[in-house]
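# Close look at the chain arrangement
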Amino acid sequence: MQDYQAPADLLKDRIVMVTGAGSGIGRAAAKAYAAHGATVILVGRTVSRLEEVYDEIEAAGHPKPAIVPMNFEGAAVKDYEELAMTLEDNFGRLDGLLHNAGILGARSPVELYDPETWNKVMHVNATAPFLLSRAMIPLLRKSDDASMIFTSSGVGRQARAYWGAYAVSKFAVEGLAQLLADELDDERHNIRVNSLNPGATRTGMRVLAYPAEDPKKNPDPEQLMPVYLYLMGRDSKGVHGQQIDAQPKK
Ligand SMILES: NC(=O)c1ccc[n+]([C@@H]2O[C@H](COP(=O)([O-])OP(=O)(O)OC[C@H]3O[C@@H](n4cnc5c(N)ncnc54)[C@H](OP(=O)(O)O)[C@@H]3O)[C@@H](O)[C@H]2O)c1
């Protein structure tokens, strides 16, 4: 999977949503999906970053993306439902959803963890993917071959000291992915659901988590894209309910 070579037309005519598309891994995924033919719905918090990605995709001559500014911290249920209605009107379906947006929160022992930060991290990392999935499943059902990818983390599979709400939120993400995989484990639905751990990757979040680390020791987000493309495209049909790693385990 890590050596997967995506055909140039892998995502031709597909409608794919990427959250946290303005930076880091989400930005690389949005561009890779567009480069393989998808119309990408760029969801994120900082509009200027989404606009940069939009401009880069357009300048490269790939299908025109769409920008959806959305701050998962404050978005209400009706915002998700309105987004689903807009997509229904414009595209009629959704073929892929990469849940990628996330925040780190504090690195702190549980006994000192700030409860407000805890709630914020849980909301952005776990509740928002639930609300978005809830709103998008009817549209994903209208695709003949849809893929949902939940972004996890090593500490969402094996907790480690001081990772606080981030670790717990990623366990919740794994749970949501498993739950949906089981609920949608039916050929009629045609939606595959998997969780993906990118592994240590050179992004802003990694620098926040490991300020003393040499960033050059980790791969760029672009280097992970074979796995992101594989899971989003038709070649992963039948891969369902799996916990996947984007990098070989060290
Ligand atoms: N990098 C790693 O080593 C690593 C390892 C394991 C897992 N991950 C996971 O990979 C995913 C991507 O992380 P990254 O490393 O690429 O980090 P990043 O560069 O910090 O990107 C995070 C993205 O999430 C968006 N986001 C944050 N809060 C949001 C909110 N309230 N509403 C909407 N969007 C919001 C950010 O938007 P803005 O542009 O507005 O900031 C940004 O685009 C995350 O789920 C992370 O947990 C990363």
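These remarks concern the structure in this document. (Residues numbered from 1 in each chain as written. Predicted model: local features only at pLDDT ≥ 70, side-chain atom pairs only at ≥ 80, totals over all residues. Heavy atoms only, no water.)

### Brief notes about the packing of helix α4 (residues 115-141) against helix α5 (residues 164-183)
- Where α4 contacts α5, the axes come no closer than 7 Å and their chain directions differ by 15°. Classified by the interaxial angle, the pair formed by α4 and α5 is roughly parallel. In this structure, α4 meets α5 at a crossing whose hand is right-handed. On the side of α4, the interface is formed by W118, V121, M122, N125, A126, P129, F130, S133 and I137, while α5 contributes G164, A165, Y166, V168, S169, A172, V173, L176 and L180.
- Residue composition of the contact of α4 with α5, grouped by class: 14 nonpolar, 4 polar and no charged. (Axes fitted to C-alpha atoms, helices over the stretch in contact; angles between N-to-C directions. Helix = DSSP H or I, 4+ residues; strand = E, 2+ residues; numbered from the N terminus. Parallel < 35°, antiparallel > 145°, perpendicular 65-115°, else oblique. Left-handed = near helix turned anticlockwise from the far one by under 90°. Contact = heavy atoms within 4.5 Å. Nonpolar A, V, L, I, M, F, W, Y, C, P; charged D, E, K, R; others polar.)

### Considerations on the nonpolar core
- Ranked by size, the top nonpolar core spans 38 residues in total, and within it M17, Y80, L94, M136, M148 and V193 carry the most contacts.
- For this core, the elements supplying multiple residues, two or more each, are β1 (15-19), β2 (39-44), α3 (77-90), α4, β5 (146-151), α5 and β6 (191-197).
- Considering each element in turn, this core owes the most residues, 10 residues, to α4.
- Once residues within four sequence positions are removed from consideration, M148 is found in contact with L97, H99, S133, I137, L140, L180, I191, R192, V193 and N194.
- One finds A38, L50, L98 and L231 within the second-largest nonpolar core, a separate group that totals 34 residues. (Core = buried A, V, L, I, M, F, W, Y, C linked by side-chain atoms within 4.5 Å. Buried < 20%, exposed > 50% of the residue type's maximum accessible area, 1.4 Å probe, protein only.)

### Section: the environment of Q243
- Assignment of secondary structure puts Q243 in strand β7 (residues 243-245).
- In this structure, the C-alpha to C-alpha distance between Q243 and N194, residues 49 residues apart in sequence, is 6.2 Å.
- With residues near it in sequence (within four places) discarded, Q243 still touches R157, E174, Q178 and S195.
- A distance of 3.1 Å separates the side chain of Q243 from the side chain of E174, its partner in a polar contact. (Polar contact = N/O pair within 3.5 Å; in protein donor to acceptor, adjacent residues only side chain to side chain.)

### Things to note about the site of the ligand
- Not every one of the 29 residues close to the ligand is listed here, only the nearest: R45, T46, N100, Y166 and T203.
- Side-chain polar atom of S23 to an oxygen atom of the ligand: 2.9 Å apart, as the coordinates give it.
- In this structure, R45 approaches the ligand through a side-chain N or O atom, which is 2.7 Å from an oxygen atom.
- Within the complex, the protein chains bury 93% of what would otherwise be the 890 Å² of accessible surface of the ligand.
- Residue assignment for the shell around the ligand shows that the elements contributing at least two residues are α1 (24-35), α5 and α6 (204-209). (Near = heavy atom within 4 Å. Areas by Shrake-Rupley, 256 points an atom, 1.4 Å probe, with all protein chains shown as cover.)

### Structural notes on the side chain of N194
- Position of N194 among the secondary structure elements: in strand β6.
- Each residue touching N194, except ones within four places of it in the same chain, is listed here: M148, I149, F150, L231, V239, H240, G241, Q242 and I244.

### With respect to the environment of T19
- Within the element layout of this structure, T19 appears in strand β1.
- For T19, a relative accessible area of 2% corresponds to the buried category.
- Residues T19 and I41 lie 22 residues apart in sequence; the distance between their C-alpha atoms is 8.4 Å.
- Within the structure, T19 has its side chain in polar contact with the backbone nitrogen of A101 (distance 2.9 Å).

### Considerations on helix α7 (residues 225-232)
- The element α7 is largely enclosed, with a buried count of 8 among its 8 residues.
- Every buried residue belonging to α7 is among M225, P226, V227, Y228, L229, Y230, L231 and M232, and all of these are buried.

### Concerning the pattern of salt bridges
- All chains considered together, the criterion is met by 19 salt bridges.
- In this structure, the salt-bridge partner of E174 is R157, at a minimum N-O distance of 2.6 Å. A residue pair is termed long-range when its members are at least 10 positions apart, and E174 in helix α5 and R157 in the loop between β5 and α5 qualify at 17 residues.
- Looking at R157, the relative accessible area reads 23%, which means it is partly exposed.
- Several salt bridges converge on common partners, so that one network encompasses R14, R93, D95 and D144. (Salt bridge = Lys/Arg side-chain N within 4 Å of Asp/Glu carboxyl O.)

### Observations concerning the environment of A6
- Along the chain, A6 falls in the segment before β1.
- In the structure, A6 is positioned 110 residues away from E116 in sequence and 42 Å away in space, judged by C-alpha atoms.
- Excluding residues that lie within four positions of it along the chain, A6 makes contacts with H36 and L229.

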